[in-house]
There are 2 protein chains.
Amino acid sequence: MDQIVWIALICGAIGVAYSLFTAGWVFKQDAGNARMQEISSYVAEGAMAYLTRQYKVVAIIAIILFIVLLLTLGSMPAIGFIVGLVGSGLAGFLGMKVSVNANVRVAAAASKSLPDAMDVAFRGGSVTGIVVTGLALLGVAGFFMLAKSSDPDPHKIFSALVGLGFGSSLMSVFARVGGGIYTKAADVGADLVGKVEADLPEDDPRNAGVIADNVGDNVGDCAGMAADLYETYTVTIVAAMLLGSTIYGGIDKPAFYLPLFVGGVAIIASIIGTFFVRLSKSQAEKDLYIMGALYKGLAVAGILAAIAFYFVAQKLPLGPPKGGGYEISAINVFWMAVLGLVLTGLIVVITEYFTGMYGPVKYVSKASSTGHGTNIIAGLAIGMMSTVLPVIVLAVSILIGYGMGGGFSGVQGGTGTGLYGIAITVVSMLSMTGMVVAIDSYGPITDNAGGIAEMAELSDEVRNRTDPLDAVGNTTKAVTKGYAIGSAALAALVLFAEYTRAIEELSGKAMSFDLSNPKIIVGLLIGGIIPYFFAALCMLAVGKAAGAIVDEVRRQFREIAGLKEGLPGVKAEYGKCVDLVTAAAQREMVIPSLLPVAIPLAVAFIPGLGREALGGALIGSIVVGLFLAIAMTTGGATWDNAKKYIEEGNLGGKGSEAHKAAVTGDTVGDPYKDTAGPALNPVIKVVNMVALLVVPFVM
Amino acid sequence: MDQIVWIALICGAIGVAYSLFTAGWVFKQDAGNARMQEISSYVAEGAMAYLTRQYKVVAIIAIILFIVLLLTLGSMPAIGFIVGLVGSGLAGFLGMKVSVNANVRVAAAASKSLPDAMDVAFRGGSVTGIVVTGLALLGVAGFFMLAKSSDPDPHKIFSALVGLGFGSSLMSVFARVGGGIYTKAADVGADLVGKVEADLPEDDPRNAGVIADNVGDNVGDCAGMAADLYETYTVTIVAAMLLGSTIYGGIDKPAFYLPLFVGGVAIIASIIGTFFVRLSKSQAEKDLYIMGALYKGLAVAGILAAIAFYFVAQKLPLGPPKGGGYEISAINVFWMAVLGLVLTGLIVVITEYFTGMYGPVKYVSKASSTGHGTNIIAGLAIGMMSTVLPVIVLAVSILIGYGMGGGFSGVQGGTGTGLYGIAITVVSMLSMTGMVVAIDSYGPITDNAGGIAEMAELSDEVRNRTDPLDAVGNTTKAVTKGYAIGSAALAALVLFAEYTRAIEELSGKAMSFDLSNPKIIVGLLIGGIIPYFFAALCMLAVGKAAGAIVDEVRRQFREIAGLKEGLPGVKAEYGKCVDLVTAAAQREMVIPSLLPVAIPLAVAFIPGLGREALGGALIGSIVVGLFLAIAMTTGGATWDNAKKYIEEGNLGGKGSEAHKAAVTGDTVGDPYKDTAGPALNPVIKVVNMVALLVVPFVM
């Protein structure tokens, strides 16, 4: 079985190598004129300054938690925690690094043609996408080897891997929350004082907040997203491995290694897929084809992965579970993996319907023509409505995965192998992470490219080429979030199964989480509090931090003579705003990020609650959080594209009353889709990881 | 035990008699001048026309369901269904009837003094409050006697009472949804075209939509609310009785009758409490005292009820559960009842904090000064935040009630009596319904009185007296909704216990709803879809119906010469708008209202789902729905009072940019707090009732 770990390591390394090679290609592209490079360097410096400070804050908290873990659970879980944390942070750092260098090159390429811009942007995005999965796979496989060589006791390896998952989840919460507060505080703050008060156009260099706004796109949409998906990928693989070991009885069984194998081959499929994303000159004339080009890459990656999974399943027969019983056939393993790929496809298509230029976006646009209030009502309604289909799709997938795994067979051991079937489905779903992140990442890169084009006063033609790319980016960003939160629902299910089994193993008796037990209901309710409390804190934090930016921009207009009038040689102090929002995001990020650690600990140790209520809280956080997260991320993207739809000249176009109402909707959607909503995914995972870590102490 | 049924019947009759007597007093008050009476008569006619049509639509659906119930479950459940339906409808009708007659008299009384206005308004409100509980108690006790005399088999009585609950819940959904769509479509539609387009002041008689708007307050806030609370009260008592019979083994046990006893004495306590709500002249000078006066009545009713509960508990010892074991002592019954009263008090205080003129309202007001977007972000954040404390309070109450009922005692039968402890807590909580509804109902009455004063061109003094009463009304309306949905969470728990036991009894073996079973998780997810789907449909329906009003008012301005200019003798065709919104509300109400019937049926009968998934769906709907409902109803009230806070002259006052933003927030809050949010309470109950009804068919 070591062979498979090596395959995973090699595939991960190939992914990293591909990313480095592609990054080299991106860096070699034309970086535009001096003015463009100057602006880009401001953005790059700001982003770097932010990440440095964020990582310092996280480091302090990490050291404390490292010591706690070391004293309570021993060295390997503590080391795993650091490995996961650093891995997620590194993924975020690399995502940001590529993005701040690619943006200016996309702006330069857009001066040539739309396909050129698309090419540079997508290559840049694919660096992030593939490096996230490559690093994650290296992290899991490598750390597993390390843990195993340190102590081959399966229990020790189990808790070491949980430590790894916890570290990556926690880093990801900080990255999503900090980055999300940063990007939206800068965006909302700069808009409020710039557009509304001082009547400046978007990205006007006189507005001291604009650089911070552009920095925000990089630290939120790139660094935060990359850290998040690193976490999602890592935790899912770890959860599936652990479940495989529990169900099949040990870490020497094929079920433990199958997730690594699936992840490994899918990276290669994703790399190949990236080469199929290309916009021909003829296609570029109809912007319809942008999404089509992305779909093509995803479809190629998915089909290749499916073919590979067929051979993987043949190569690695699962055999009977611990104690004998239901054997999942190789062909069923294959179908479960296909189910995961189909699930990915369905979530993409559903999200595109709700956020692309179709019925829902047009509906919200139309509602804007009767005012701000009706725009918001329509957006909220669409957001809630957008939860229905994804949840049905997830529910059906759970039943099919469980059924194909033997869950309904009635054969001995079938309920266990059925759960493993769900695990394989979600691993297969997440095996497309590289490709999904690649498709997502190109969005913020083009968004930034558009900003640079504006500030460097390039021709309108350039902006007209980056804008359609950016609009599709709104959809692909929403897709990634829906994908991440959807997979979180499945992964949490697997983690819950692990939680139950861990308790049963330690206590030696069957554990029941029956809904008839009021403790379970209380747990469900408390679990539901987590996403609501967390989302409320995030929204309030954005409001507070945005207020600080408003005050600073106002101060500069007041105190710097000639700034408002745009006299030559007078420059805004961009750095002040960057520092300010950096500090504010840092300050506001800590409490919401620690909420998913503190609440499960409280539930675990408050007398009268304990392990049953904690089990309820795990499920409560995922069920309540899933709906909230989908409603927020999809609804936010719908608002954003409704604004874009009007800006394309519909319903009165830019400057009309409908447009003003649509801007309001977009402002509301900002913290919905970029701060609170996407952060709910790692929040749920942190809750689950904390629960798994405290198991030995709640017996 | 028949004695207790008679006590309940007598107390219910006293309640109805008190209401008739008080209504007589209200009707004898000065009804103002001819103009006021004319306006009031328009409103009354419109409201009557609406209810008549709504009841016709419901009657058609009811006949179909009656036949289905008759053919599947027999005559008594079908008759119970009709009794519950008619009872809830009657409560709504009476609530509306009192309100449309009290409004003009409050306007007349407000010409004299604030305490006079308060007195007439609160007396009017107390008619609705007491009649709701009186009728509900008469319905339950009377129908129980009928069912028992028809067939004393406990199983038959059980399903007859479930039929009763189902009827009242279904009527209540229709009343809440239809009334909610009506009131908010008229409100939003009339505002959009009147205030925004034609620049008319609120309640301007040239706006053809104003009468419909005022009708809406009566059919939504009065008729809808009364039907809802009738349902809440009925279902809770029925659920507690059923559980008492199951746990204690039969309908001849004290536990079966205790809920009726508690309900009966609390009506008397509530009647006495109403006499303590009075505003002295000196208090009237500080508007702070309005809420204080209401609190006084509630406190008196609560304390008297607590004293009475002490003797009730002594008088009716529960004895051991079926099969022997844990006996709940009389003093513990008393404390569980006190817990229910304390819970009522806490929910009132928490809701008041979030919706009264305190921190959260001021925060949203302040956020309005930076624009529409920040107002909405702040309101959404506060709405989400407002879920935290009520849910914690509910969770703690569940644990305490369960514990005092012996749930943690480890003694045989303790888990059953513990559940009964929760049931007593929620019955005691809901025993305050009469007083809570009285406090709520006076709000829409004063709201309407203000509208009549405006249209009849009474002096500003009158409006200045009705306005502070109305602002407190926003808070008390939110309190009632929080109270209803909070009790729904507890009642649903009791109903779930009944569901489990009904299945166990029919199948003869233990039933487990373990979270480790993927079917349960799928059920939770599908259950969560119900509130989101339902709320989205309600929000969309309000948008659609409001659009129809906008078109009609525009048409009248276009086609009726001299209307817009306000030429003497030219009148708007109010009736057209009333008809239009009546028809629209009717049309839009059917699909959302049938959702909570259709989804559980689908879950019950789709292969692969069935009774386990249905159990999960019950809990999923309540957990997800609870958060959504609190966030919507409290958030909506916060927006409304933030607008009122600015209108009091803060942050620039009326006409300022902050005020415009606050109006946007109020518009968004309207369907949140008056359509989707409050209707979630009966929706959850319908889901539960349908599940109980299909039990025999999912075995």
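Residues numbered from 1 in each chain as written. Chains lettered and ligands numbered in written order. Predicted model: local features only at pLDDT ≥ 70, side-chain atom pairs only at ≥ 80, totals over all residues. Heavy atoms only, no water.

I'd like a rundown of the packing of helix H17 (residues 518-559) of chain A against helix H20 (residues 657-694) of chain A, residues and numbers included.
To describe two helices that pack against each other, one gives the angle between their axes and the distance between the axes. Residues and elements named next belong to chain A. The N-to-C vectors of H17 and H20 enclose an angle of 140°; their axes lie 9 Å apart at closest approach. Seen along the crossing, H17 lies across H20 with a hand that is right-handed. In this structure, H17 contributes Ile-530, Pro-531, Phe-534, Ala-535, Cys-538, Met-539 and Val-542 to the contact, and H20 contributes Pro-671, Tyr-672, Thr-675, Ala-676, Ala-679, Leu-680, Val-683 and Val-687. For the contact of H17 with H20, the class distribution of residues is 14 nonpolar, one polar and no charged. (Axes fitted to C-alpha atoms, helices over the stretch in contact; angles between N-to-C directions. Helix = DSSP H or I, 4+ residues; strand = E, 2+ residues; numbered from the N terminus. Left-handed = near helix turned anticlockwise from the far one by under 90°. Contact = heavy atoms within 4.5 Å. Nonpolar A, V, L, I, M, F, W, Y, C, P; charged D, E, K, R; others polar.)

Which residues make up the UniProt feature "site: Determinant of potassium independence" (unreviewed entry) in chain A, and what values do they have?
All names here are of chain A. Mapped onto this structure's residue numbering, the UniProt feature "site: Determinant of potassium independence" (unreviewed entry) falls at Lys-477. As for its position among the elements, Lys-477 is in helix H16 (residues 460-507). Taking the relative accessible area as the measure of exposure, Lys-477 reaches 9% and is therefore buried. Non-local contacts of Lys-477, meaning those with residues more than four positions away in its chain, are made with Asp-221, Asp-440, Pro-444, Lys-673 and Asp-674. (UniProt positions renumbered as here; feature names shortened; annotations may be inferred. Buried < 20%, exposed > 50% of the residue type's maximum accessible area, 1.4 Å probe, protein only.)

Describe in detail the relation of the copies chain A and chain B, supporting the description with residues and values.
Under the fitted operation, chain A is carried onto chain B by 0.0 Å of movement along the axis and a turn of 180°, and the coordinates agree to an RMSD of 0.0 Å. These values place the two chain copies in the arrangement generated by a two-fold rotation axis. Closest to the rotation axis within chain A is the C-alpha of Asp-514 of chain A, separated from it by 2.2 Å. The share of interface residues of chain A whose copies in chain B are also at the interface is 100%, consistent with both copies meeting through the same surface. (Least-squares fit on C-alpha atoms with pLDDT ≥ 70 in both.)

Can you lay out unusual backbone geometry for me, pointing to particular residues and giving the numbers?
All names here are of chain B. Despite not being glycine, Glu-457 shows a phi value in the positive range, around 55°. For Glu-457, a relative accessible area of 66% puts it in the exposed group. Of note, the phi angle at Leu-651 is positive, near 50°, even though the residue is not glycine. Along the chain, Leu-651 falls in the loop between helix H19 (610-647) and helix H20 (657-694). When its relative accessible area of 37% is taken as the criterion, Leu-651 is described as partly exposed.

Break down the packing of aromatic side chains for me, citing the residues and quoting the values.
In this structure the tally under the stated criterion is 38 aromatic pairs over all chains. Centre to centre, the rings of Tyr-353 of chain A and Tyr-358 of chain A are 6.3 Å apart; their planes meet at 20°, and the pair counts as stacked. Accessibility expressed as a relative area gives 41% for Tyr-353 of chain A, which makes it partly exposed. Among the aromatic side chains, those forming a connected cluster through ring pairs are Tyr-310, Phe-311, Phe-334 and Trp-335 of chain A. Seen from the ring of Phe-557 of chain A, Lys-564 of chain A lies directly overhead, with NZ or CZ sitting 5.5 Å from the centre. Lying across the ring of Phe-27 of chain B, Arg-105 of chain B places its NZ or CZ 5.7 Å from the centre. (Phe/Tyr/Trp six-rings, centres within 6.5 Å; stacked < 30°, edge-to-face > 60°. Lys NZ or Arg CZ within 6 Å of the ring centre and 35° of its normal.)

Give a detailed account of the environment of Ser-365 of chain A, specifying residues and quantitative values.
Residue and element names in this part refer to chain A. Among the secondary structure elements, Ser-365 is positioned in helix H11 (residues 359-368). Using a relative accessible area of 0% as the deciding quantity, one classes Ser-365 as buried. Sequence spacing of Ser-365 and Gly-473 is 108 residues, and the spatial spacing of their C-alpha atoms is 18 Å. With sequence-adjacent residues up to four places away left out, Ser-365 is seen in contact with Ala-642, Tyr-645, Ile-646 and Leu-651.

Which residues make up the interface of chain A and chain B, and what values go with them?
The interface of chain A with chain B comprises 65 residues on the first partner and 65 residues on the second. Summed over both sides, the interface of chain A with chain B buries roughly 5800 Å², with 86% coming from carbon and sulfur. For the pair chain A and chain B, the number of links is zero salt bridges. In this structure, the connection of chain A to chain B is made through six residue pairs in polar contact (both at pLDDT 80 or more). Elements with a minimum of two residues in the side of chain A that touches chain B: helix H12 (372-385), helix H13 (388-404), helix H14 (414-430), H16, H17, helix H19 (610-647) and H20 of chain A. For the side of chain A that touches chain B, the element with the most residues is H17 of chain A, which contributes 16 residues. Per-class residue counts for the side of chain A that touches chain B are 49 nonpolar, 14 polar and two charged. (Buried area = accessible area lost by both parts, 1.4 Å probe. Salt bridge = Lys/Arg side-chain N within 4 Å of Asp/Glu carboxyl O. Polar contact = N/O pair within 3.5 Å; in protein donor to acceptor, adjacent residues only side chain to side chain.)

With reference to specific residues and values, describe the pattern of salt bridges.
Residues and elements named next belong to chain A. Scanning the entire structure with this criterion turns up 64 salt bridges over all chains. Lys-156 is paired through a salt bridge with Asp-151; the nearest N and O atoms lie 3.6 Å apart. Overall, Lys-156 belongs to the partly exposed group, its relative accessible area being 44%. Asp-151 gets classed as partly exposed once you look at its relative accessible area, which sits at 26%. Residues Glu-588 and Lys-544 are paired through a salt bridge, measuring 3.8 Å at the closest nitrogen-oxygen approach. Here Glu-588 is found in helix H18 (residues 574-605), whereas its partner Lys-544 is found in helix H17, with 44 residues between them in sequence. Residue classification places Glu-588 among the buried positions, given a relative accessible area of 14%. For Lys-544, a relative accessible area of 56% gives the class exposed. A single salt-bridge network, built from bridges that share partners, covers Lys-184, Asp-187, Asp-221, Asp-470, Lys-477, Lys-481, Asp-640, Lys-644, Asp-670, Lys-673 and Asp-674.

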